[in-house]
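# Structural description and commentary
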Protein chains: 2
Amino acid sequence: MSWLDVPAGTGFGIGNLPYGVFSTPGTLLRTGVAIGDHVLDLAAATGDPVHATGRLNDLMARGPAAWRELRRRLTGWLTDESHRTDIEPHLLPREEVTLNLPIEVPDYVDFYSSRHHAENLGRILRPDSPPLPANWRHLPVGYHGRAGTVAVSGTPVVRPCGQRKAPADDEPTFGPSQRLDLEAEVGFVVGVGSALGSPVPVSAFPDHVFGVCLVNDWSARDLQAWEYVPLGPFLGKSFLTSVSPWVVPLAALEPARIRAPERDPRPLPYLRDDDHPWGFDITLEVRLNGHLISAPPFATSYWTAAQQLAHLTVNGASLRTGDLYASGTVSGPAPDQRGSLIELSWGGQEPLALPDGSTRTFLEDGDVVTLTAAAPGPDGTRIGFGEVTGRVEPAR
Amino acid sequence: MSWLDVPAGTGFGIGNLPYGVFSTPGTLLRTGVAIGDHVLDLAAATGDPVHATGRLNDLMARGPAAWRELRRRLTGWLTDESHRTDIEPHLLPREEVTLNLPIEVPDYVDFYSSRHHAENLGRILRPDSPPLPANWRHLPVGYHGRAGTVAVSGTPVVRPCGQRKAPADDEPTFGPSQRLDLEAEVGFVVGVGSALGSPVPVSAFPDHVFGVCLVNDWSARDLQAWEYVPLGPFLGKSFLTSVSPWVVPLAALEPARIRAPERDPRPLPYLRDDDHPWGFDITLEVRLNGHLISAPPFATSYWTAAQQLAHLTVNGASLRTGDLYASGTVSGPAPDQRGSLIELSWGGQEPLALPDGSTRTFLEDGDVVTLTAAAPGPDGTRIGFGEVTGRVEPAR
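Residues numbered from 1 in each chain as written. Chains lettered and ligands numbered in written order. Predicted model: local features only at pLDDT ≥ 70, side-chain atom pairs only at ≥ 80, totals over all residues. Heavy atoms only, no water.

Inspection of every chain in the model, using the stated rule, returns 40 salt bridges over all chains. The closest approach of N and O atoms between A:Glu88 and A:Arg84, which form a salt bridge, is 3.2 Å. Under the relative-accessibility criterion, A:Glu88 is labelled partly exposed at 35%. Given a relative accessible area of 27%, A:Arg84 falls into the partly exposed group. Of the charged contacts, one joins B:Glu183 and B:Lys237 as a salt bridge, the two residues approaching to 2.8 Å between their closest N and O atoms. With a gap of 54 residues between them, B:Glu183 in the loop between strand 12 (180-181) and strand 13 (184-190) and B:Lys237 in helix 8 (residues 235-238) connect regions that are remote in the sequence. Of the two residues examined, B:Glu183 and B:Lys237, each falls in the buried class. The network of salt bridges with shared partners includes A:Asp181, A:Glu183, A:Asp217, A:Arg221 and A:Lys237. (Salt bridge = Lys/Arg side-chain N within 4 Å of Asp/Glu carboxyl O. Buried < 20%, exposed > 50% of the residue type's maximum accessible area, 1.4 Å probe, protein only. Helix = DSSP H or I, 4+ residues; strand = E, 2+ residues; numbered from the N terminus.)

So this is what it looks like as structure tokens:
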């Protein structure tokens, strides 16, 4: 229990302590920790310049022992009444701070590790082929995205222009995307890099990964459908990827750890995780203009983040502090657990009815999409992730 | 003419003046300009701290007017005898310096813009489909690669491990790549970034691109063939991308500018380049263990670097200083103009005979691959690009 008044049901209780980067009017960016409705100014509270760099990278690069020690200190400060006079002056109301992109992202990778999502997309986009590609149950399929267009929650989603060609069209045309979509994903932030030529085994996941955020990998389905053969998504994804401003430390998700669903066939040795289960019982929520439209269960993911990291590096590729990799769209087995509009509207053929009487296949200008999530915390509490939100603006 | 003794036939004459980042034993990294067999230490010669940052990014970010002014000064210093006493002490023998990765690369994109290469790969890999994908003549197909594994020439090429499955195999297996390949490419370095939401038209190419280097986009064909459906190349490419240490300024390539081959069908308006031809008459040379095995003509590229940049940003994606994008493998129409071993050995079916009596389908441990290139310079001179080289080491 904290001496601070933490609202009941908050996702930012003493068991969470997520890190972000914030400013207040006229002040420089610095690292903060969310607690209830407040932010603890770490630069001021600790005097450590690592918290005044305007990004979490320098803290993350210190490694797991330093992360644990800082978390231990923070927990002490916020629970032991004797620290109150020292710490209270450095708490700011959360509503008064501006949150920044928390990490500088050197490389961004997006996976495709939800079986229900991959099967849904296969059925919608490639109805004449088996729903899962032949490789899908053998390796975590993924690709590199554009690190330079990863932006913090709240960044406007300007409808992208590009080429698209429906199968019935003779020629491609150019214009604003007509199939702008959201993708509800969970993101993993690398804290400690690795050397070129040194794969990171599944067991070393917690030695490298600092924490977890939410990701909306906005997608222009019409641009993507035309461009993606044979080298994968490019402009259909690269216009914007939004992330939540709070990075939840891996330690806060210990109560949420679970075993992933059984994999069949058994993965190759470098992907085996029997002794290192790194699934997480995180439930996402997708809201469109305030209406809950889906609740994708991350627990159903086929490949875990530890397996994704092992795969990503098994060819010797190196990691850098700040590297971000995302789960791919999270979809559960039920229709109201689908993490994208292309699934929720089944390729645009079954418009989604919203409680306000309107319908949607894909996003319209002015639409606001908000992702949130929750995981079980210690003692029946809830771990929250804040939100990642974006409003669609007309094409320029 | 320079007052310096510049060897006849050098690729680094007074019309070139490429930039690199170097050190000598016991000294810090700094920017240098290659001239003949020497390097001019720009940090010492100018006293400008922009040349002491250990990367070209800070110089590049100053923009085209600053690039032009610096080039004008350098040309004056190296041609006007009156500067000799001031400048000569800052010239180092090129063989005595160690060359570093010249740029910090925020995002790396690889295109696929050689028609002969794309057709060859289509015929080899997808013999039952038309050689060119349906989108290929409408847009420059491309994808994001791993920026963190872009490394300077000379970096060892450790044979990557990964999953591969031949069509006849029941299950994938794990192990060292058996189809390790080279890809001869031309790279373009972004000097001036762009804002999110602001496409860069074909006409603005020289306002953003600083210069040109050589790229070897090493490829593990067996890993790639198994993983690439549906999201494109990933581990088959991400283990290493080697670049030459010298960046040739765009201004040095003015005499090499040509019009690209006619495009049919006519591209959509944002890709039209009738008034902005940015093809380059650059001839690459590929050497395997010292033997010339191919001379790919970059002049045959279907899409120019200006069109690639316009496409890359047309969806609003932003650019950052240091972004690198590569042409994709360059292949000409003739068999000895193919820029990869998968083409030169036609998918491994027609081993390449080397003058030393050995044959190759794909790269063997110990093989050394070296790419060089030349373009016409002023007054009958030749513009060189240095080299990008790498030696294959056994899998770890």
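Size of an interface, as often reported, equals the accessible area lost when the parts are brought together. Residues and elements named next belong to chain A. As far as domains go, chain A holds domain 1 (19-99) and domain 2 (108-393). Measuring from the centre of the C-alpha atoms in domain 1 to the corresponding centre in domain 2 gives 29 Å. Summing both partners gives a buried area of about 1300 Å² for domain 1 against domain 2, and 75% of it is carried by carbon and sulfur. Three residues, Tyr19, Met60 and Trp67, lead the burial of domain 1 against domain 2; their summed loss comes to 43% of the area buried on that side. Here domain 1 and domain 2 share 0 salt bridges between them. Counting across the domain 1 and domain 2 interface gives 2 residue pairs in polar contact (both at pLDDT 80 or more). Among the elements of the structure, strand 1 (19-23), strand 2 (30-35), helix 2 (57-60) and helix 3 (64-79) are those that each provide at least two residues to the side of domain 1 that touches domain 2. Here the residues of the side of domain 1 that touches domain 2 sort into 11 nonpolar, 4 polar and 2 charged. (Domains from an automatic or database assignment. Buried area = accessible area lost by both parts, 1.4 Å probe. Polar contact = N/O pair within 3.5 Å; in protein donor to acceptor, adjacent residues only side chain to side chain. Nonpolar A, V, L, I, M, F, W, Y, C, P; charged D, E, K, R; others polar.)

All names here are of chain A. Spatially, 4-3-2-1-5 is the arrangement adopted by the 5 strands of the open sheet, whose pairing is antiparallel. On the outer flanks of this sheet lie strand 4 (91-93) and strand 5 (98-99), each paired with one strand and no other. As judged from the 2 bridges shared by strand 1 and strand 5, these two strands associate in the antiparallel manner. Pairing of Phe22 across the sheet is with Leu99, part of strand 5. (Pairing = 2+ DSSP bridges.)

Tracing the sequence through the fold places A:Thr173 in strand 11 (residues 173-176). A:Thr173 sits 10 residues away from A:Gln163 along the chain, and the two C-alpha atoms are 5.6 Å apart. Not counting the four nearest positions on each side in its chain, A:Thr173 is found in contact with A:Gly162, A:Gln163, A:Arg164 and B:Leu268. A distance of 2.7 Å separates polar atoms of two side chains, one belonging to A:Thr173 and the other to A:Arg164. (Contact = heavy atoms within 4.5 Å.)

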